[in-house]
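Report on the structure
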Amino acid sequence: MAVESSGSRGKRVSLLGVLEPVLFARPYLKKSGLSFSIVIAAGIISNFTLLLVPVFIGDAVSAVEYGIYSSIPRIALLIVLAYSISAAATFSLNYGGQYISQTYAYNLRKDFVSHLVRKRFLFFETQTSGDLLSRGSMDIEATRNFNLNMFTSLFPTVFLIIEAFILLFIISPFFSLLLALAVPVLIFLGIVSSRRQRPIWRKIRDTYGKLGETLQENIVGQRVVRGLASEEKEVDKYAAMTKQYYDENYEVVKVRVTFNNLMPLTVAAVTSAIIGIGGYLDLISKASVGGLVAAVTIFAMLTNPVSFLGRMIVFSENSRAAIGRIQEITASGGEEDVEPSDQSLQPGPLVFDHVKFSRGENVILRDVTFRAHPGEFIGITGKTGAGKSSLVNLITRYYDADTGTISLGQKNTKDIPLSILRSRISIVPQEITLLSGTIRENILFGMDVSDERIKEAARIASISDFIDSLPQKYETMIGERGITLSGGQRQRIAIARAVLRNPLILILDDATSSVDPDTEINIFNNLKEYMKNTIIIMISLRASALSFADKVLLLEEGELREDLPGEEGGNVNRI
Amino acid sequence: MSTGYDAIEDQFLKPEKGRRTILRMVKDILYWRRDSAVFTTSVVITAIAGVLYPLALGLAVNSILSRNVGSLTIYSVLFFLIYFVQFFSNRTMSLSSTKVAQGVIKRMRDRAFYNLQKVPLEFFSKVKAGYLISRIENDSESISDFLTYQLPQVISGVTTIIIAAGIMFYLDTTLALYSLLVMPILGLFTLVIQTKVRANYLRTRRAIAAITGNLAETIAAIRTVKAFNAESQIEDRFKLLNSENFDANMKATRLSSSYSSAIRVIEAVGIVLVIYEGSIALLNGQISLGILVSFIAYVQQFFNPIVQLSQLYNTYQNSMVGASRIYSIIDSSPEKDSGNVDIQKFTTSIVGRGMRVTYDGSVALDRVTVEIDKGECVAIVGRTGAGKTTLTNVILKFKYPDEGDIAIDLKALNTIDTKAYRKLIVPVLQEPFLFNGSIFDNIEYSKKGITKDEVQSFINNYGMSEIFRTLPNGLDSPVGEMGRNLSEGQRQAVSILRAFVRNPDIIIMDEATAQIDSKSEKNIITAMRNYAKNGTLILISHRFSLITLSDRIIVLEKGNIVQEGKLEVLANREGVFKDLYKRSVSAYVHVTGGS
Ligand SMILES: Nc1ncnc2c1ncn2[C@@H]1O[C@H](COP(=O)(O)OP(=O)(O)OP(=O)(O)O)[C@@H](O)[C@H]1O
Ligand SMILES: Nc1ncnc2c1ncn2[C@@H]1O[C@H](COP(=O)(O)OP(=O)(O)OP(=O)(O)O)[C@@H](O)[C@H]1O
Ligand SMILES: [Mg+2]
Ligand SMILES: [Mg+2]
């Protein structure tokens, strides 16, 4: 599964790691300063007003105790007022907190996608879509959840503790001292708990990614699964993954229960001390019990938020594990510069000059040299796995050559901005991918041209008759991955898409393998007729197709050999 | 765009009524009988302990007032003990709630996955992969969140409310009635906004599914996106869904936050009513100060869970919407007509009569009648889109004809046990999909227990060693996701091998050698010739060289069989076949001299 993980994750072990989700979130919350302040203010107000309630109740009790009933209506009014203010503040807190967290998620997702689509080809060879998908959905969601809770719960809880401290100090400095003693214990427990949880959460997030991977693979490969009658095997495979997920979640809860529940217990110990010691002092000094009741009520109000701190640790560790996974996309570099630029590209010959290309140890192209001029129709053939696709993938710079140069119109392709290069080269790959959407959208694929041109492209690709035979013609919806079309129909739509761009170079990588010979002849005739200034590079294994080429090159042992132009018995027959 | 898709999705994944979802959810929770019993018990203990503190506090206050040091000590220790009990009950509660929550979603996911293996294949051409993944993966997380963190609060909340109310009534009935006065308002309020809350959450779940779906498609098409330099268009499309998601969430929050705030105000009214009535009662000497203090504490104890529950109400609705979306996958109707007649061997023939196959009303096969005999090698040819793959889909039991029937050895296909049938017949599909893993893993996937040596001898026998020659790690080479790290021809070769190692009675090859070079293809063909002596072969190909291998050719055109016969016959007859293979036919006729 996902590679390159340990490197970027290993670094973050410092104590300040707790702040990591906050630091990570900062760039995505640049313009949220105002909502930030509102939410924090709302958090303080909401708690403060709520904390006042016990004070008021204490007042009421004292008033009743001493028989001063006249102050009761005033206190009642104050209580209602405090609750109303608290309600308004809570609204701002919840809404504002959600606003911030959603803004954060929005920006993060945007950033995620923009990095993702710019990653180099090699990156996608090492990743699986299901895992990438989990990163883009639930990993981001996990960090958002932490952010939300940070605003709506963590900050308020911290304020609550501070405010409680102040109030207690006013009621009795002694009580506040007891609280001050509890705080370091709480922090210690928190740190230990999060340390222990961290590695498990990483496993959980990775397993979650694997779940997505297994599911996605199963859905996409459903026909193979059924064809090989391996449904049961698949069900078992998935069940093993969900079992692992179950186990890891149970593992983390075992750590969390002990530490997290010790936190409220600490608060309870302090509260009991207050009742005991404070009560004793009241008892001998014959002081009013109002203060004691208020202090204990304040503490009782603290236990819930403090146990929530424990849950925050869960969210935080989950979020940190997720951040690691997200950063493998957003901060790992290796993006292509595909931004549009105003440079233009002059037509000219395509020249491969002693190009070498290897994948790791495996040398795919040893030494390739050839030249193609505008208007030329070049055929490339060679055995399965000889490196034909690799060769053409170098032209659009999906991969870079190890040594040697590839130039187009006298310019080294390395010096041409990718957006320019790729917009002037069209490729019909061996494996066609169509998106769900209409046929028109798929032919256009981001272009904006007249209907006439779309139809012309479809005619060249010999697919216009078929499209016209459909009730909704160009507006016909096709399923995901073009699932509702036949193999040959998909290939021809891809050809139309490539032709529409009127490219300097048109690359057909076995683009007619599912097309019948008769239709194939039509397509090649059309290409020859309409694409007179284009360099056409066709990879094919079929003699019938290669016979259209002006020149057929044979790729063998990593080298291109030229032979007699398109002649029977030439390169074609050698393979 | 997304709304149109939602309608299609609703046809296949029927949304369920809210009430039924709850009942099923309860059933799913109770499935984990032991865990949910432990869970409920520990929650109730926690809650009971929780309602006891005010009592201990009130008693402590009374002992201060009565200047009794002994009882003060007892009650403050009691106070701590209550928390101590809670420590253990909370621990057990978290453990068991996690077990229940994870158990419930594990079962949900497993069942949804299981059912995906049973739905008609058509389902996958309509419902998008990313949307399904979002339901099974993401939506179930919302359920686990609810069950792990919120359900304990709900149960303890309800318990607390009941106990607190009981104690309140015990302490003073009139006061208790006063504090309950606001309850009907609250209930009514909740009821009124319920439908809206649900609709809001449905929207948010759909929005995140749309994001996942879009992401899934983008990743699947990433190579094409790059080829056509469409990165920024993709981003724009994503931005739209991203903001829809933002809006949906903010809308849901607006309502749910207002709701929680309104409840606070209602709570304040409740407390004030008690203080008012309480002080009057105290004045009249009906209650003691200690009772009033604990009573006020109970009122707060009573309202706290109500406020909490009101906040949980939103998460609850969210997870119920999530649950209903998974249930709809579990419920989506499995393939019909999967019979249970066993079949061990292919003995005579496959016969299809008057088969008509349509996709969404458009005809792909129009009353086709075919017969394929045991031991035969039949080639199916025709223009692209003629219906060749569709015909094999029918034979493979991937799709059922709307009209007509198809039978193997006189047993109707729809009465035959699919699993047994698929042991007889193995397809090599037009799209060579491989699983992530090594080449060997993929072959072993098809035939359990096969050894590397056996695979290697298959490769040698079928003359495929040339194809894998360029792979430094041979059979152990990783193929990458969907086999993308192999060359296309290598992928096809693996998928052919995967079928051959099963040694099935019937093999269907749908353009399975289209990307394999002619020399290797010839090797494979020759080996297959030997194989075809006792096996049955159905070949779809555009390559003449492959067609020459066949005993009989079936020519399809626009969903009809227009020609049928031996190569010698068709090559010399005017018609679709001759049109398709002009050059090759003339070369062939030239060599064989016609007949
Ligand atoms: N993404 C990849 N990762 C690792 N190896 C690869 C990858 N893509 C191709 N290869 C290997 O590089 C070699 C050349 O592959 P390439 O796809 O260029 O062959 P090809 O000539 O196009 O073959 P085919 O006719 O089957 O399409 C093969 O051995 C292949 O396994
Ligand atoms: N899942 C589907 N939903 C809707 N229409 C479909 C579906 N599958 C195929 N079709 C349509 O049915 C017709 C026959 O398709 P089929 O795949 O059988 O053709 P084919 O003969 O195999 O063509 P090719 O040689 O191009 O693979 C085509 O017009 C195709 O668009
Ligand atoms: Mg290739
Ligand atoms: Mg087909």
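What comes next is a walk through the structure. (Residues numbered from 1 in each chain as written. Chains lettered and ligands numbered in written order. Predicted model: local features only at pLDDT ≥ 70, side-chain atom pairs only at ≥ 80, totals over all residues. Heavy atoms only, no water.)

Secondary structure summary: chain B contains 22 helices and 10 strands in total. Against the 2.2 N^0.38 benchmark of 25 Å for 595 residues, chain B shows a C-alpha radius of gyration of 35 Å, more extended than a compact globule. Expressed as lengths along the three principal axes of its C-alpha atoms, the size of chain B is roughly 125 × 50 × 50 Å. The buried share of chain B, taken over its 595 residues, is 61%. Sequence-distant contacts in chain B: of pairs separated by 6 or more residues, those separated by 24 or more amount to 77%. Carbon and sulfur atoms make up 57% of the accessible area of chain B, which amounts to about 22800 Å² in all. One way to put it: in chain B the 66 positive side-chain charges average out to a point 2 Å from where the 55 negative ones average out. (Helix = DSSP H or I, 4+ residues; strand = E, 2+ residues; numbered from the N terminus. Rg over C-alpha atoms; globule rule 2.2 N^0.38 Å. Buried < 20%, exposed > 50% of the residue type's maximum accessible area, 1.4 Å probe, protein only. Contact = heavy atoms within 4.5 Å. Areas by Shrake-Rupley, 256 points an atom, 1.4 Å probe, with all protein chains shown as cover. Lys, Arg positive; Asp, Glu negative; His and termini not counted. Charge placed at Lys NZ, Arg CZ, Asp CG, Glu CD.)

On to the coordination of the magnesium ion (ligand 3), then. All names here are of chain A. Those protein atoms acting as donors to the magnesium ion (ligand 3) are Ser389 (OG) and Gln430 (OE1), and they sit at 1.9 to 2.2 Å. A residue pair is termed long-range when its members are at least 10 positions apart, and Ser389 in helix α11 (residues 388-395) and Gln430 in the loop between β6 (425-428) and β7 (437-438) qualify at 41 residues. With relative accessibility at 21%, the residue Ser389 sits in the partly exposed group. For Gln430, a relative accessible area of 14% translates into the label buried. (Donors = N, O, S within 2.8 Å, 3.2 Å for Na, K, Ca; no water.)

All names here are of chain B. The strand order across the open sheet formed by 6 strands is β6-β7-β8-β3-β9-β10, and the pairing between neighbours is mixed. Lying at the two open borders of the sheet, with one neighbouring strand each, are β6 (425-428) and β10 (560-565). Direction aside, neighbouring strands of the sheet carry axes that sit 15° apart on average. In the sheet, β6 pairs with strand β7 (residues 506-510) via 4 bridges, with the strands oriented parallel. (Pairing = 2+ DSSP bridges. Axes fitted to C-alpha atoms, helices over the stretch in contact; angles between N-to-C directions.)

Let us look at the site of ligand 2. Around ligand 2, the structure places 22 residues, and the nearest of them are Ser486, Gly488 and Gln489 of chain A together with Thr389 and Thr390 of chain B. In this structure, ligand 2 sits where chains A and B come together, each supplying nearby residues. Here an oxygen atom of ligand 2 and a backbone polar atom of Ala386 of chain B are 3.2 Å apart. Thr390 of chain B has a polar side-chain atom sitting 2.5 Å from an oxygen atom of ligand 2. (Near = heavy atom within 4 Å. Polar contact = N/O pair within 3.5 Å; in protein donor to acceptor, adjacent residues only side chain to side chain.)

A few words on the sheet that holds strand β5 (residues 411-412) of chain B. Residue and element names in this part refer to chain B. Pairing within the open sheet is antiparallel, and its 4 strands lie in the order β2-β1-β4-β5. Taken across any chain shown, the strands that pair with only one partner, and hence form the sheet edges, are β2 (362-373) and β5. Bridging between strand β4 (residues 403-408) and β5 involves 2 bridges; their strand directions are antiparallel. Looking at β5, one finds that Ala407 is bridged to Ala412.

Before going further, it helps to spend a moment on the nonpolar core. Counting residues in each nonpolar core, the largest one holds 308 residues, and the members touching the most others are Leu350 and Ile537 of chain A. Looking at this core element by element, the count peaks at 19 residues for helix α11 (residues 289-331) of chain B. Beyond its immediate stretch of four places on either side in the chain, Leu350 of chain A contacts Phe370, Arg371, Ala372, Ile395, Ile406, Ser407, Leu408, Ile505, Ile535 and Ile537 of chain A. Among the nonpolar cores identified, the runner-up in size contains 41 residues, and Val428, Ile463, Tyr474 and Leu508 of chain A belong to it. (Core = buried A, V, L, I, M, F, W, Y, C linked by side-chain atoms within 4.5 Å.)

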